[in-house]
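Examination of the molecular architecture
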Protein chains: 4
Amino acid sequence: MLKVGVIGTGMIGQDHIRRMTAVLAGVTVTAVTDVDVETAKKVAGGLPGATLHLTGEDLIADPAVDAVLVCSWGPTHEQYVLASIAAGKPVFCEKPLATTQDACLRIVEAEVAAGRRLVQVGYMRRYDAAYRALKRVVDSGRIGVPLMMHCTHRNAGVPSFYEKESAITDTAVHEIDMVRWMFGEEITAAQVLIPRKSRNGGPLQDPLILILELAGGAIVDVEISVNIRYGYDIRGEVVGEDGTAALGEFSPVVVRAAGERSAPIPLDWRERFLLAYDVEIQEWIDSVAGGGEPVGPSAWDGYAAAVVSDAGVAALRSGSRVPVTLAAQPTFYRAPLS
Amino acid sequence: MLKVGVIGTGMIGQDHIRRMTAVLAGVTVTAVTDVDVETAKKVAGGLPGATLHLTGEDLIADPAVDAVLVCSWGPTHEQYVLASIAAGKPVFCEKPLATTQDACLRIVEAEVAAGRRLVQVGYMRRYDAAYRALKRVVDSGRIGVPLMMHCTHRNAGVPSFYEKESAITDTAVHEIDMVRWMFGEEITAAQVLIPRKSRNGGPLQDPLILILELAGGAIVDVEISVNIRYGYDIRGEVVGEDGTAALGEFSPVVVRAAGERSAPIPLDWRERFLLAYDVEIQEWIDSVAGGGEPVGPSAWDGYAAAVVSDAGVAALRSGSRVPVTLAAQPTFYRAPLS
Amino acid sequence: MLKVGVIGTGMIGQDHIRRMTAVLAGVTVTAVTDVDVETAKKVAGGLPGATLHLTGEDLIADPAVDAVLVCSWGPTHEQYVLASIAAGKPVFCEKPLATTQDACLRIVEAEVAAGRRLVQVGYMRRYDAAYRALKRVVDSGRIGVPLMMHCTHRNAGVPSFYEKESAITDTAVHEIDMVRWMFGEEITAAQVLIPRKSRNGGPLQDPLILILELAGGAIVDVEISVNIRYGYDIRGEVVGEDGTAALGEFSPVVVRAAGERSAPIPLDWRERFLLAYDVEIQEWIDSVAGGGEPVGPSAWDGYAAAVVSDAGVAALRSGSRVPVTLAAQPTFYRAPLS
Amino acid sequence: MLKVGVIGTGMIGQDHIRRMTAVLAGVTVTAVTDVDVETAKKVAGGLPGATLHLTGEDLIADPAVDAVLVCSWGPTHEQYVLASIAAGKPVFCEKPLATTQDACLRIVEAEVAAGRRLVQVGYMRRYDAAYRALKRVVDSGRIGVPLMMHCTHRNAGVPSFYEKESAITDTAVHEIDMVRWMFGEEITAAQVLIPRKSRNGGPLQDPLILILELAGGAIVDVEISVNIRYGYDIRGEVVGEDGTAALGEFSPVVVRAAGERSAPIPLDWRERFLLAYDVEIQEWIDSVAGGGEPVGPSAWDGYAAAVVSDAGVAALRSGSRVPVTLAAQPTFYRAPLS
């Protein structure tokens, strides 16, 4: 039974606590903390036997905590991840790994210095059954060498705090990680095309088209439409030399009525990726229970996503193609990426 | 943490133990038993803290067992379910509830006498996301009053011990329970149409078409093809007065290659219904933990399925329409059915 | 340029005249007649050079008529078809070939006596691209020997003169002909299952399920729902030993809006089968121009459809399985059927 | 009966002659000519009553020619179209209207001077049922203002004379015209993205992604893959403010076999667009018969396609975004575009 301490008991933290308590096997939440002590107290009250800590550092030091799950505000991620590494405890950090490239690089260096993988970052697309099936087809060679990928990332709407750059840093960052994993290659440049604005987007520049170039020459286009009203629609088609492979369309039920054949589209990411979150956390639990290393997205993946995301933001601001420059990859990370 | 004892550690028992150990939350397997003591011993060996019992009755009596899961050979189901009722412990019994109508009725009577629901039967289609979405559409009235349902139940192949009657008792019995649940009505008659035999079926009469009549007049046709080679294909379309609703097609990935657009079809029931099993057992755990009553398929559902199944077998043998006659339904069961 | 005389200038006759005038190649309408002289006069007025005849017999005798197209009231079909045969002129007769089995048989005998094929009957499904693609797959052996076929024939609504028996004689008769052609076998028995009535059907027994047995043992079920409101929906899946083949779903456009992915369903048979009618008449023109024999549905096909249709009506009335008994097939017709 | 003279009796000319002779109504081919006299003689031999001319100019002058269809080698289009305008005869010119922008502009000016529309250019996508259905949805406002369109233009392979620039001038030019028609706006800039090369493309840069900007700000991306082996695959999705609309997938038949559900993909453009060609030519015949003006793609459309195509080629060569500059549109053409 893996004993997990959760730093950050806001919406996503509470959801992971529900997941570890009511859905997943082999895990128990033994400690919580949050900058908002009242919320943390309420959450701890629903967890018999769990300890309420006043700081993340206290929680990490708690001998009743085997592994740490960081769901706090982005700017605090670096300190808790570094502290977990220092304590030699596995840490699962929700995206982003940290809010700057430099902070991410410090985490990478700390982990390399620690000599073993302790960090996993919360890019959950890699755990989705459809993306996994898509990657299996691509890897099988059935469609030849992959040359392009067409992606759409559509949200029905976004909250009021969503900013111009969020289209890259919060939304397209999922595709940034997914594409690196799907192709097994680094991204080398970004460009942003700016279509006519939707009246639904208010002051935002919505939609956008993000163009990514990969080390092997493949090009990926990502439509980002975050106020498209009709639903949450994630699509992806890899185009190879001899064929293509695309994510399936999900529709538990097909209705024929009133002149149309229709199938429901998910409302939001919770509906679409609920199971991917379950799989992500279960696989993390299974990998680190008993002292193992995590096998999911690494600190390097978190760093690379941050660098590409920065390039995307620069491309959005400048209207030009922006090259991506990564630090040299420590050999330490080579296996997990491939 | 619900403490479950498992009677029967064959294939399905081991799968449920794996599920309760490695997948689901809030449950621990505390006791096992099997007629094959060696197997039971091996299974118990992999479950730290679990007790190996020599008989099901011992296991049921074990104070470390809160609830019982019966996965033993069909002819033994009655005795273990009755013993669990006698002990006042919730019991989840894999289908069939018992091997004869009379045995099922004895269970129903024992449960009514006990004065509270303790029994749940393992009809897992009710836990499948697609069937649930289908039922929600039907219940919403969007397609009008349901008048018909077209079902197909196709297996790539069946094991060598599969007999002529298995097409009804093992295969179509899933549709028998699903249809009663989907329409909220009892089945009143059965007929079997016998098409040309497939060369793939050996001595079996394969395929068959089972025709079911419901209390409200709806008619259901079920194609049963158990050696169709190409995959496991479960489909269903409810036809209402104003429209229809059908199970969606599942395809995580769509490939365009070699002149075709294609999507994979599940190989077998494990692939298609894996999640439904997880949901079924998790919901059972959640309902009975803390002393609650199960809300899934009841002893009455198990009895009704047995009676309709017998009518189906009689119809297969006679070639005629066979009416279904149920005992009077105890008021005790009225709510769960609706 | 084939010179065609049209007997019957009602809705379907006018549609075929439009087709031969404005859509198809190699044909000119040179003569028309109708029991309603005023309508015929109006139609002739729009056809420069066409002769208005007072009787079908006069039209058939007209030397400016190479071939005859019969679209008059069903009870008059026999006399015009027999007169065309007597005149040695190719005749395309809209369904039904005649209103009784005996009348159909008289036509068969007259044609056999004439020694060459002159008659084609208007079963247009054989000219639909989807049915043809389906038959090519079945004939290819890719799905093994065909054992079953599931069909649905759904109309949004039917006109007020539609009677109880029309469900068989006007609606399912399309499937009756199609199935004989698809399997290359005669139908040997019919049965009708009667589900709960739709409130949309008024006094009609709607829907129905027609069960057809074929000479080789295959079984076909046909859902007939003629007031289903949502659209015109023709579906068919042939189930073979190793796989299945089904008519595709037609949707020129797929819309994602308001939480749904949806595609339009045809409103009526005109929309669904417009092209099939064009192909049917063009192929008839091409086959008989220059003195050739028609290659489409024969007088024998018209006779067989009438006999099966009668059995279907008897089955509907009796609730029982009704065997189909055909006269011996003249060798004259063997090739066209296969 | 429209009397058409055909200039150019190569593959496409012969196909249009077959179409006008064996498929369409209201037309007869009365004259042919070709630079290859032997071929023209052979074709004329199969057309009873048709005159063989030695030059296009002779054919245009022939009083037995009401309208002209130009299918000759591209560099000759200008002279025949201008001669037809001079003769006051309607002329249908296969794409391209002419091989240079300047030549196209001379045709535009000649037609404007003639004071009535005589010219139609062979962009047949506008006649495809799916594109028309797509445009109807876009025009209905159901998806809001259109902001983007994603297109794919995939060929299984291309002939050996296909050159680097052909990807724009021969292939994407169909999308260039379609997009102007779909959005009812001119294209204002072009850019070309160059992905990793396919091994199937030999020396060609294949695939490409063409980015088009429209006057109203919408952005269109067009994947051009001309050696993708698996089939001919034309797709398009218009993304609006509130939803999207996409071309349907065409599959006359769906097969379930060998672990897959599959549907055939067209082999080539003939299979995919056969009916669109029929509709295109029939509508042209219907519009110009009796002295009317054509309503299809105009000389202006031909000119605009040429200018955008040139910009696309420049973008391909330079790797940069290339603005499109059109001459001022004569008011003469305003209505047909909208």
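The preceding data block contains the structure.
Now for a description of the structure that goes with this document. What you see is a predicted model, and the numbers here were worked out from it, not measured in a lab.

So, about the interface of chain B and chain D. Contacts between the two partners involve 17 residues from chain B, matched on the other side by 17 residues from chain D. Contact between chain B and chain D buries roughly 1,400 Å² in total, counting both sides, with carbon and sulfur atoms accounting for 43%. Broken down residue by residue, the surface that chain B buries against chain D is led by Y230, R256 and R261 of chain B, which jointly contribute 45%. Where chain B meets chain D, there are six salt bridges. Across the salt bridge formed by E249 of chain D and R256 of chain B, the nearest N and O atoms sit 2.4 Å from each other. One can count 15 residue pairs in polar contact (both at pLDDT 80 or more) joining chain B with chain D. Those elements giving two or more residues to the side of chain B that touches chain D turn out to be β11 (233-240), β13 (253-257) and β14 (260-264) of chain B. When residues in the side of chain B that touches chain D are grouped by element, the largest group, five residues, is from β14 of chain B. Classifying every residue of the side of chain B that touches chain D gives seven nonpolar, three polar and seven charged.

Let us look at the relation of the copies chain B and chain C. Once chain B has been moved 0.0 Å along the axis and rotated by 180°, it coincides with chain C to within an RMSD of 0.1 Å. These values place the two chain copies in the arrangement generated by a two-fold rotation axis. A shared interface surface links the copies, since 100% of the contact residues of chain B are contact residues in chain C too.

Bringing the pairing of strand β8 (residues 187-193) of chain D into the picture now. Residue and element names in this part refer to chain D. Most of β8 sits inside the fold, with six of its seven residues counted as buried. Of the pairings in the sheet, the one linking β8 to strand β9 (residues 208-214) comprises six bridges and is antiparallel in character. Paired with L193 across the two strands is I209, which belongs to β9. Where β8 lies against strand β15 (residues 322-323), two bridges are found, and the strand directions are antiparallel. Counterpart to A189 in the pairing with β15 is P323.

Attention shifts here to the packing of helix α1 (residues 11-23) of chain C against helix α8 (residues 269-288) of chain C. Residues and elements named next belong to chain C. Packing of α1 against α8 leaves a shortest axis separation of 11 Å and a crossing angle of 60°. In terms of orientation, α1 lies oblique with respect to α8. The chirality of how α1 crosses α8 is right-handed. Touching M11, H16, R18, R19, M20 and V23 of α1 are R270, L274, Y277, D278 and I281, all from α8.

All names here are of chain A. Mapped onto the fold, K89 is located in the loop between α4 (77-87) and β5 (91-93). Among buried Asp, Glu, Lys and Arg side chains, K89 stands out as unpaired, with D62 the closest opposite charge at 6.3 Å. Here D62 takes part through its backbone oxygen, which lies 2.9 Å from a polar atom of the side chain of K89. Leaving out residues up to four positions away in the same chain, K89 has contacts with I60, A61, D62, P63, V65, D66, S84 and L118.

Our next topic: the sheet that holds strand β2 (residues 27-33) of chain C. Residues and elements named next belong to chain C. Ordered by their spatial adjacency, six strands build an open sheet running β3-β2-β1-β4-β5-β6, and the pairing between neighbours is parallel. Strands at the two margins of the open sheet, each flanked by one partner only, are β3 (51-52) and β6 (119-121). Direction of pairing for β2 relative to β3: parallel, over a ladder of two bridges. Directly across from V32, in β3, lies its bridge partner L52.

For D221 of chain A, the position within the fold is in strand β10 (residues 219-225). Here D221 of chain A sits buried without a salt bridge, and the closest side chain of opposite charge, R154 of chain D, lies 8.9 Å off (N-O distance). Contacts of D221 of chain A, omitting those with residues within four sequence positions, involve M149, H150, C151, I209, L210 and I211 of chain A together with I209 of chain D.

Right, let's talk about the relation of the copies chain B and chain D for a bit. Relative to chain D, chain B is turned by 180° and slid 0.0 Å along the rotation axis, the superposed coordinates differing by an RMSD of 0.0 Å. Both copies share a contact surface, since 100% of the interface residues of chain B are interface residues in chain D too.

Its place among the elements puts D310 of chain C in helix α9 (residues 299-318). Taking C-alpha positions, D310 of chain C is 25 Å from G8 of chain C, a pair spaced 302 residues apart along the chain.

Before going further, it helps to examine the interface of chain B and chain C. Listed by partner, the interface residues are 40 residues for chain B and 41 residues for chain C. Note on chain B versus chain C: buried area summed over both sides is about 3,000 Å², and carbon and sulfur give 53% of it. Among the residues chain B hides against chain C, the three largest losses belong to R196, E241 and D242 of chain B. Together they make up 21% of the total. The salt bridge involving R154 of chain B is made with E237 of chain C; its shortest N-O contact spans 3.2 Å. There are 18 residue pairs in polar contact (both at pLDDT 80 or more) connecting chain B and chain C. Of all the secondary-structure elements, those providing two or more residues to the side of chain B that touches chain C are β7 (146-154), β8 (187-193), β9 (208-214), β10 (219-225), β11 and β12 (243-247) of chain B. For the side of chain B that touches chain C, the element with the highest residue contribution is β7 of chain B, accounting for five residues.

Reading guide: rules and limits
- Residues numbered from 1 in each chain as written.
- Chains lettered and ligands numbered in written order.
- Predicted model: local features only at pLDDT ≥ 70, side-chain atom pairs only at ≥ 80, totals over all residues.
- Heavy atoms only, no water.
- Contact = heavy atoms within 4.5 Å.
- Buried area = accessible area lost by both parts, 1.4 Å probe.
- Salt bridge = Lys/Arg side-chain N within 4 Å of Asp/Glu carboxyl O.
- Polar contact = N/O pair within 3.5 Å; in protein donor to acceptor, adjacent residues only side chain to side chain.
- Helix = DSSP H or I, 4+ residues; strand = E, 2+ residues; numbered from the N terminus.
- Nonpolar A, V, L, I, M, F, W, Y, C, P; charged D, E, K, R; others polar.
- Least-squares fit on C-alpha atoms with pLDDT ≥ 70 in both.
- Buried < 20%, exposed > 50% of the residue type's maximum accessible area, 1.4 Å probe, protein only.
- Pairing = 2+ DSSP bridges.
- Axes fitted to C-alpha atoms, helices over the stretch in contact; angles between N-to-C directions.
- Parallel < 35°, antiparallel > 145°, perpendicular 65-115°, else oblique.
- Left-handed = near helix turned anticlockwise from the far one by under 90°.
- Lys, Arg positive; Asp, Glu negative; His and termini not counted.

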